[in-house]
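Examining the three-dimensional arrangement
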Amino acid sequence: MMKLAPSILSADFARLLEDVRKVEKAGCEYLHIDVMDGHFVPNITIGPLVVKNLKKENINMVFDAHLMIENPDSYIPAFAEAGCDIITVHQEACTHLHRTIQNIKSHNMKAGVVLNPATPVETLKYIIQDLDMVLIMSVNPGFGGQSFIEPMIEKIKEVKQLIDSRNLKVDIQVDGGINPKNVAKVVQAGANIVVAGSAIFNSDNIEETVALFRKNAYL
């Protein structure tokens, strides 16, 4: 079954906890935490302190930190201490990707690798067996509200084929431009965790929108 991961990049930061409670109440399983440093991507968002304060509120969701930053190894311990359950790092930002994955796991968290739209699936060939999740970017990272890049459907299928060919249990998460109108093709291609930011947080009724995502996912 598809799981939903609302991205707090699109939440109202003046009412962050209130918005997070809304998606929790709506039954979303993951809380997608976009961490940007202004270097790897042209935007700056939040750090471990925000995660730590949200964690204190006993939110019943998987804390899913997506590190769009340079030198992610330097920050893994801080995000672990803040209470993250899974950390995903960009293949493009890691000089020693295998070492970074082991670093994440050494802090008792699940580990994932993110691929930007132009990064080939081939880069996962020698690391896929060590992963808990692959995150496919269906927009260029850095800003919310972008349109879905259509060729990423084939990329999702390719990642799914790689995972299945090795009989692995690795989640496929997709992030960028997903809404109730296009979620079905993403899920049909092989994704089982869908990130949605503006489509959820900017909707008039979050619970109704979440229900529509779930209804449309298997049409």
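Here the residue index of a chain counts from 1 through its sequence in written order. Predicted model: local features are reported for residues with pLDDT of at least 70 only, side-chain atom pairs are reported and counted for 80 or more only, and whole-chain, interface and lining totals are derived from all residues. Processing note: side-chain calculations cover all non-hydrogen atoms of the structure and skip hydrogens and water entirely.

Here is the rule: UniProt positions are given in the numbering used here, feature names are shortened, and annotations may be inferred rather than shown by experiment.
Looking up the protein in an unreviewed UniProt entry gives the name Ribulose-phosphate 3-epimerase, with the organism given as Asaccharospora irregularis DSM 2635. Among the UniProt annotations of the protein, the heading Catalytic activity (unreviewed entry) holds the following wording: "D-ribulose 5-phosphate = D-xylulose 5-phosphate". Check the Function (unreviewed entry) section of the UniProt entry for the protein; it says "Catalyzes the reversible epimerization of D-ribulose 5-phosphate to D-xylulose 5-phosphate."

**Observations regarding the overall build of the protein**
So the rule is basically this: The secondary structure listing takes helices from DSSP runs of H or I that are at least 4 residues long and strands from runs of E that are at least 2 residues long, numbered from the N terminus. For the radius of gyration, the atom set is restricted to C-alpha positions; the globular benchmark scales as 2.2 Å times the number of residues to the power 0.38. Burial classes: relative accessible area under 20% of the type maximum marks a residue as buried, over 50% as exposed, and values in between as partly exposed (1.4 Å probe, protein chains only). Any two residues whose heavy atoms approach within 4.5 Å are treated as being in contact. Only the protein chains shown count as cover for residues, and the accessible areas themselves come from Shrake-Rupley with a 1.4 Å probe.
Along the backbone of the protein there are eight helices and eight strands. Taken over the C-alpha trace, the protein has a radius of gyration of 16 Å; the compact-globule value for 219 residues is 17 Å, and the two agree within 12%. Dimensions of the protein, computed from C-alpha atoms along their principal axes, come out at roughly 45 × 40 × 30 Å. Scored against the burial criterion, the 219 residues of the protein give a buried share of 53%. Across the protein, contacts joining residues at least 24 apart in sequence account for 67% of those joining residues at least 6 apart. Only carbon and sulfur atoms are counted for the fraction: they give 48% of the accessible area of the protein, which is about 10100 Å².

**Observations concerning the side chain of Thr100**
Topologically, Thr100 is positioned in helix α4 (residues 97-106). With a relative accessible area of 2%, Thr100 lands in the buried category.

**Observations concerning the environment of Gln173**
Tracing the backbone shows Gln173 in strand β7 (residues 171-175). Taking the C-alpha atoms as reference points, Gln173 and Ile156, separated by 17 residues in sequence, lie 9.0 Å from one another. Excluding residues within four positions of it along the chain, Gln173 makes contact with Ala5, His32, Asp64, Met133, Val134, Leu135, Ile136, Ile193 and Val195.

**Considerations on the nonpolar core**
Quick note on the threshold: The set of buried Ala, Val, Leu, Ile, Met, Phe, Trp, Tyr and Cys residues whose side-chain atoms join them within 4.5 Å is what this entry labels a nonpolar core.
Ile8, Ile87 and Leu124 are the most contacted members of the largest nonpolar core, which totals 67 residues. The element contributing the most residues to this core is helix α5 (residues 152-165), with six residues. Ignoring anything within four residues of it in the chain, the contact list for Leu124 reads Val113, Leu115, Leu131, Val134, Val159 and Leu162.

**Considerations on the pairing of strand β4 (residues 86-90)**
Convention followed: Assignment of crossover handedness uses the view with strands pointing away from the viewer, where a clockwise path from the first strand over the helix to the second indicates a right-handed crossover. When DSSP finds two or more bridges between two strands, those strands count as paired.
For β4, the buried fraction is high: five of the five residues fall into the buried class. Read from strand β3 (residues 62-68) through helix α3 (residues 76-82) to β4, the crossover connection turns out right-handed. Strand direction decides the pairing type here: β4 and strand β5 (residues 110-115), joined by five bridges, are parallel. Residue Thr88 lies in a different strand from β5, and its bridge partner there is Gly112. Read from β4 through α4 to β5, the crossover connection turns out right-handed.

**Section: the packing of aromatic side chains**
The following threshold applies: Centres within 6.5 Å make a pair out of two Phe, Tyr or Trp rings, where for Trp the six-membered ring is used; the pair is then stacked when the planes are under 30 degrees apart, edge-to-face when over 60, and tilted otherwise. A ring has a charge above it when a Lys NZ or an Arg CZ is no more than 6 Å from the ring centre and no more than 35 degrees off the ring normal.
Per the counting criterion, the structure on display carries zero aromatic pairs. Directly above the ring of Phe63 sits Lys55, whose terminal nitrogen or CZ lies 4.4 Å from the centroid.

**Examining the UniProt feature "binding site: substrate" (unreviewed entry) in the protein**
Using the residue numbers shown here, the UniProt feature "binding site: substrate" (unreviewed entry) corresponds to Ser7, His66, Gly142, Phe143, Gly144, Gly145, Asp175, Gly176, Gly177, Gly197 and Ser198. If sequence neighbours within four positions are ignored, Gly142 has contacts with Met36, Val41, Asn43 and Met68.

**As for the UniProt feature "binding site: a divalent metal cation" (unreviewed entry) in the protein**
Here is the rule we go by: Contacts described as polar in this section are N or O atom pairs within 3.5 Å, which, within protein, must combine one atom able to donate a hydrogen with one able to accept it, while residues neighboring in sequence count only if both atoms come from side chains.
Cross-referencing UniProt, the feature "binding site: a divalent metal cation" (unreviewed entry) maps to His32, Asp34, His66 and Asp175 in the present numbering. Spatially, the listed residues are clustered: although they cover 144 residues, their C-alpha atoms lie within 10.6 Å of one another. With respect to the helices and strands, His32 occurs in strand β2 (residues 30-36). Here His32 falls in the buried class, since its relative accessible area comes to 0%. Apart from residues no more than four positions distant in its own chain, His32 is found in contact with Ala5, Pro6, Ser7, Ile8, Asp64, His66, Leu135, Gln173, Asp175 and Val195. Note on placement: Asp175 falls in strand β7. Relative accessible area serves as the criterion here: at 9%, Asp175 is assigned to the buried category. Polar contacts involving the side chain of Asp175 include one to the side chain of His32, which spans 3.3 Å.

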